[in-house]
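Residue-level structure breakdown
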Amino acid sequence: MDFELTPEQKEIRRLAHDFAEKEIRPHAAYHDETEEFPWEIVKKAHKLGLTTFSYPEEYGGGGIDDPVTSLLVSEELAWGCAGIAVAINGSHLPAAAIMAMGTTEQKKKWIPMLCDPDRCLIGAMGLTEPGAGSDVSSIQTTARREGDVYVLNGTKQFITNGGIADIHVVFATLDRSKGWKGIAAFLIDDKNTPGFSMGRKEKKMGVRASHTAQIILEDVRVPVENRLGGEPGDPEYVPGYVGALKMLEHTRPGVAASAIGIARAAYEYALQYAKERIQFKKPIIEHQAVAFKLADMATRIDAARLLTWRAGWMRHRKIPFHRGEGSMAKLFAGDVAVQTTMDAIQILGGYGYIKEYPVEKWARDAKIYQIWEGTAEIQRLVISRAIAKHGK
């Protein structure tokens, strides 16, 4: 067991940290206040390869397939600003769906579009609906085949990059009676497709630089070849529900890494503040109540990172998450982000509660990490079922 990072990992982490420090942090407060999508920052990140380094070289990516490297980048970008980091990384979820369930031809067609260094395209993934969050089997968006097209109808809710993305992966049901197993995924590669539109853009508590909106599908006609994984009986066929599970399993450690980035930002700020703030004639870090709180913050962050790196290590070696290790990382890191940011506010006292100081923003950003891509309760369900099945 070796925790030493490779020279390549150290270099890309340094690149991501420098980008977060110089290009993200100076603009974080503005985008949090205005909720404007940070197009220029996303384009700069894309130009540097921060959005494409993990995709295969054959598709135009950087070919760095080590998941731990991706976790390092996610942590640094979220350390800069979680909302802007989501804007930069938002295309990873639809790309993960394409990589998890797309045929060879589908990967060759769409992944290079996201990797083109001279053209910054973004993606979106539509799974959640107004009435279907954790219970994905209750999806109401329908797909029916008519000749050489599928016709999609429904509404998707809380979609990152929804409506502004160039590529949308949309999950729909072909047969409601089959529940989860009746689901298939379709790729809409033109946001101007007739019947496809953006609904309400959400005003959020946190990660406000990220665009979140409904997408509405009214008789949207999608070519049969845009069904991810192909048709039943095809040589490379992947059922939609299998692809969705693989996609979420692939992305959960990355979500955990982003939560750690928020927690680390809050901890570092609180630590520095505690060294400088004088009360009762000495820095407050010399008061045990504050010092012990910081000790707990540091310990939890390291523990979360170790869980997350383990999940990345397992993925790289294709070791199944038999005990829900990916869910463990996301669950614990999300809780740590919320606890750490609240502790940071407490250490700053009244200053922590006002917008002049960034910790209140980090607290607002942290909360979503207990909710999206599977709530904390769902992660506990996944873990409990896994340990019940495997007996240890």
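An unreviewed UniProt entry annotates the protein as Acyl-CoA dehydrogenase originating from Thermoactinomyces intermedius. UniProt annotates the protein under Sequence similarities (unreviewed entry) with the comment "Belongs to the acyl-CoA dehydrogenase family." We quote the UniProt Cofactor (unreviewed entry) comment for the protein here in full: "FAD".

This part covers the layout of surface pockets. Of the pockets and cavities examined, the second largest pocket occupies roughly 490 Å³. If you trace the second largest pocket, you find 15 residues lining it, with Asp2, Phe3, Val68, Trp309 and Trp313 closest to the centre. Sorting elements by how many residues they give to the lining of the second largest pocket places helix H8 (residues 288-316) first, with 5 residues.

Moving on, we get to H8. The terminal C-alpha atoms of H8, which comprises 29 residues, lie 42 Å apart, in line with the 42 Å expected from a rise of 1.5 Å per residue. Restricting attention to buried positions, one finds in H8 the residues Val290, Leu294, Met297, Ile301, Ala304, Arg305, Thr308, Trp309, Ala311, Gly312 and Met314. Considering only its buried residues, H8 is in contact with helix H3 (67-80), helix H7 (240-276) and helix H9 (325-348).

Within the structure shown, the criterion is met by 1 cavity of 30 Å³ or more. Lining the largest cavity are Val42, His46, Thr51, Thr52, Tyr55, Ile88, Ser91, His92, Leu114, Cys120, Leu121 and Ile122. Here the residues of the lining of the largest cavity are counted per class, giving 7 nonpolar, 5 polar and no charged.

Attention now moves to the packing of aromatic side chains. Applying the stated rule across the entire model yields 5 aromatic pairs. Ring plane angle 85° and centroid distance 5.4 Å describe the contact between tyrosine 369 and tryptophan 372, whose orientation is recorded as edge-to-face. Its end group placed over the ring of tryptophan 79, arginine 25 keeps NZ or CZ at 3.5 Å from the ring centre.

Another aspect to go through is the environment of alanine 256. With respect to the secondary-structure elements, alanine 256 resides in helix H7. Between the C-alpha atoms of alanine 256 and glycine 326, which are 70 residues apart in sequence, the distance is 8.7 Å. Among residues more than four places away in sequence, those in contact with alanine 256 are Thr308, Ala329, Lys330 and Ala333.

Here we come to the environment of lysine 201. Looking at the element boundaries, lysine 201 is found in strand S6 (residues 196-201). On a C-alpha basis, the gap between lysine 201 and arginine 119 in space is 25 Å, while along the polypeptide they are 82 residues apart. In terms of polar contacts, lysine 201 uses its side chain to reach the backbone carbonyl oxygen of glutamate 35, at 3.0 Å.

Time to look at the UniProt feature "domain: Acyl-CoA dehydrogenase/oxidase C-terminal" (unreviewed entry) in the protein. According to UniProt, the positions carrying the feature "domain: Acyl-CoA dehydrogenase/oxidase C-terminal" (unreviewed entry) are residues 244-387. Taken end to end, residues 244-387 is 74% helix and 3% strand, and its two terminal C-alpha atoms sit 22 Å from one another.

Turning our attention to the environment of arginine 144. Here arginine 144 is to be found in strand S2 (residues 142-146). Along the backbone, arginine 144 and proline 239 are 95 residues apart, and their C-alpha atoms lie at a distance of 16 Å. Setting aside residues up to four positions removed in sequence, arginine 144 forms contacts with Val149, Tyr150, Val151, Asn153 and Asp219. Polar side-chain contacts of arginine 144 include one of 2.9 Å to the side chain of glutamate 146.

Moving on to a nonpolar patch on the surface. On the surface, a nonpolar cluster with roughly 430 Å² of combined accessible area is contributed by Met1, Phe3 and Leu306. The residue leucine 306 is located in helix H8 in this model. According to the relative accessible area criterion, leucine 306 is partly exposed, its value standing at 46%.

End to end, H7 covers 54 Å across 37 residues, agreeing with the expected 54 Å (1.5 Å per residue, within 8%). At threonine 251, H7 shows its largest bend, some 30°, and a proline, proline 253, comes one to four positions later.

We now examine the side chain of threonine 141. Mapped onto the secondary structure, threonine 141 falls in the loop between strand S1 (123-126) and S2. Taking the relative accessible area as the measure of exposure, threonine 141 reaches 0% and is therefore buried. Separated by 2.7 Å, the side chains of threonine 141 and glutamate 129 make a polar contact. The residues touching threonine 141, leaving out its near neighbours within four places in the chain, are Glu129, Asn153, Gly154, Thr155, Lys156, Phe171, Ala172, Thr173 and Leu217.

What follows deals with unusual backbone geometry. With phi around 35°, valine 207 is a residue other than glycine that occupies positive phi space. In this structure, valine 207 sits in the loop between S6 and strand S7 (212-223). Residue valine 207 is classed as buried on the basis of its relative accessible area, which comes to 2%. Phi is positive for phenylalanine 280, which is not a glycine, with a value near 55°. By secondary structure assignment, the location of phenylalanine 280 is in the loop between strand S8 (278-279) and strand S9 (282-283). Judged by relative accessible area, phenylalanine 280 falls into the exposed class, the value being 74%.

About the criteria used
Residues numbered from 1 in each chain as written. Predicted model: local features only at pLDDT ≥ 70, side-chain atom pairs only at ≥ 80, totals over all residues. Heavy atoms only, no water. UniProt positions renumbered as here; feature names shortened; annotations may be inferred. 1 Å grid on protein atoms, 1.4 Å probe; cavity = no way out; pocket = protein on both sides within 12 Å on 5 of 7 lines; lining within 4 Å. Points joined across faces, edges and corners; volume = space filled by probe spheres on them. Helix = DSSP H or I, 4+ residues; strand = E, 2+ residues; numbered from the N terminus. Expected span 1.5 Å × (residues − 1). Buried < 20%, exposed > 50% of the residue type's maximum accessible area, 1.4 Å probe, protein only. Contact = heavy atoms within 4.5 Å. Nonpolar A, V, L, I, M, F, W, Y, C, P; charged D, E, K, R; others polar. Phe/Tyr/Trp six-rings, centres within 6.5 Å; stacked < 30°, edge-to-face > 60°. Lys NZ or Arg CZ within 6 Å of the ring centre and 35° of its normal. Polar contact = N/O pair within 3.5 Å; in protein donor to acceptor, adjacent residues only side chain to side chain. Patch = residues over 30% accessible without salt bridge, like charges linked within 9 Å, V, L, I, M, F, W, Y side chains within 5 Å. Areas by Shrake-Rupley, 256 points an atom, 1.4 Å probe, with all protein chains shown as cover. Salt bridge = Lys/Arg side-chain N within 4 Å of Asp/Glu carboxyl O. Bend = angle between axes of the 7 residues up to and from the residue.

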